[in-house]
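Secondary and tertiary structure notes
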Amino acid sequence: MFERIRHAIEKVVRHPRRETIASRGLIQLVGAGPGDPELLTIKAFKALQRADVVLHDRLVGEGVLSLARRGAERIYVGKIGRGESTPQQAIEARMVAEALKGKRVVRLKGGDPFVFGRGGEELEAARAAGIPVEVIPGVSAALGAAAALQIPLTHRDHAQTLIFATGHCKEAGGLGAEPNLDWSTMADPRATLAIYMGIATAGIIAERLQAAGRDPATPVAIVENATLPNQRVVRTRLERMANDLTRSGIAGPALLLIGEAIESADGADFAAYAAATEKLD
Ligand SMILES: C[S@@+](CC[C@H](N)C(=O)[O-])C[C@H]1O[C@@H](n2cnc3c(N)ncnc32)[C@H](O)[C@@H]1O
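Since this is a predicted model, take the numbers as computed values, not measurements.

1. Looking at the pattern of salt bridges
All chains considered together, the criterion is met by 18 salt bridges. Close ionic contact of Lys43 with Glu134 constitutes a salt bridge, the shortest N to O distance being 3.9 Å. A residue pair is termed long-range when its members are at least 10 positions apart, and Lys43 in helix α3 (residues 42-50) and Glu134 in strand β7 (residues 133-136) qualify at 91 residues. For Glu121, the salt bridge goes to Arg118, with nearest N and O atoms at 2.9 Å.

Here it is, written out as structure tokens:
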């Protein structure tokens, strides 16, 4: 009996029937992956094909957007003007308002919705409005970059820990302010660090990691536009990371991959993504 009820609830939540959608709409938080449209999941593709409205970020490229149903309305909710962002509350309000009209709303987010993507806040907004919501994961930038560069993020000989961190923290203040991170944990020589949004704070990050004991010669790969045709990679060492980043002119979106496992990227075949691999030393 319990099994049957559970199954029925799951069916409505995971595969809402048309009448449920017509009355209250549906919100799908969908991961668009790091850029290469072929990295979309089949679920994400299906959601795009059935969408009435697609609310998308700055980091979602035309390659992915073009996979949306032809009649779907596309609404850009990324940066506007000279870098000012659409306020989060405005995004949530629009997402809910469209769903309340009975529409299928795809909230399309770069990478994975739950990795530095404010997906949790959007999930709460949908739930608070009583709208059925579904989350479809995406390939996060670090995983896309690792595959494109052929860097194993963990390695039995070099890296037993993998840390995803942000170089930009809400409580730390404005752009470039020191991120509030646990430097001693991140100084573990057996940890690979994947640092998102770390371009503006690369100098501070390198300083703090070395002060906490991380080897200045630790290999680093700075990866811009991972998995896209304009992907760029700068391979360097922790002690020169900030300098080489400045010299490269990399402006992002970019990741800092730091750790001994990065060394194994040497000799990798980047041809698949026509990557420009730069060595600044
Ligand atoms: C707001 S976070 C979103 C992360 C996303 N949810 C994910 O799972 O990849 C944006 C940051 O992700 C990283 N990023 C996203 N796409 C990238 C790409 N194609 N190449 C390199 N870094 C990327 C950059 O550090 C960028 O500043």
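2. Some points on the side chain of Glu98
By secondary structure assignment, the location of Glu98 is in helix α5 (residues 88-100). In this structure Glu98 comes out as buried when scored by relative accessible area, which is 2%. Beyond its immediate sequence surroundings of up to four residues, Glu98 is in contact with Val53, Glu73, Ile75, Lys103 and Val105.

3. Comments concerning the site of the ligand
Residues in contact with the ligand amount to 17 residues; listed here are only the nearest, Val115, Ser140, Ala141, Ala226 and Ala254. A distance of 2.6 Å separates an oxygen atom of the ligand from a polar side-chain atom of Ser140. Ala254 is positioned such that a nitrogen or oxygen atom in its backbone is 2.7 Å from an oxygen atom of the ligand. The protein chains hide 87% of the 570 Å² of surface that the ligand would expose on its own. Considering only residue class, the shell around the ligand consists of twelve nonpolar, four polar and one charged.

Cut-offs used in this document
- Residues numbered from 1 in each chain as written.
- Predicted model: local features only at pLDDT ≥ 70, side-chain atom pairs only at ≥ 80, totals over all residues.
- Heavy atoms only, no water.
- Salt bridge = Lys/Arg side-chain N within 4 Å of Asp/Glu carboxyl O.
- Helix = DSSP H or I, 4+ residues; strand = E, 2+ residues; numbered from the N terminus.
- Buried < 20%, exposed > 50% of the residue type's maximum accessible area, 1.4 Å probe, protein only.
- Contact = heavy atoms within 4.5 Å.
- Near = heavy atom within 4 Å.
- Polar contact = N/O pair within 3.5 Å; in protein donor to acceptor, adjacent residues only side chain to side chain.
- Areas by Shrake-Rupley, 256 points an atom, 1.4 Å probe, with all protein chains shown as cover.
- Nonpolar A, V, L, I, M, F, W, Y, C, P; charged D, E, K, R; others polar.

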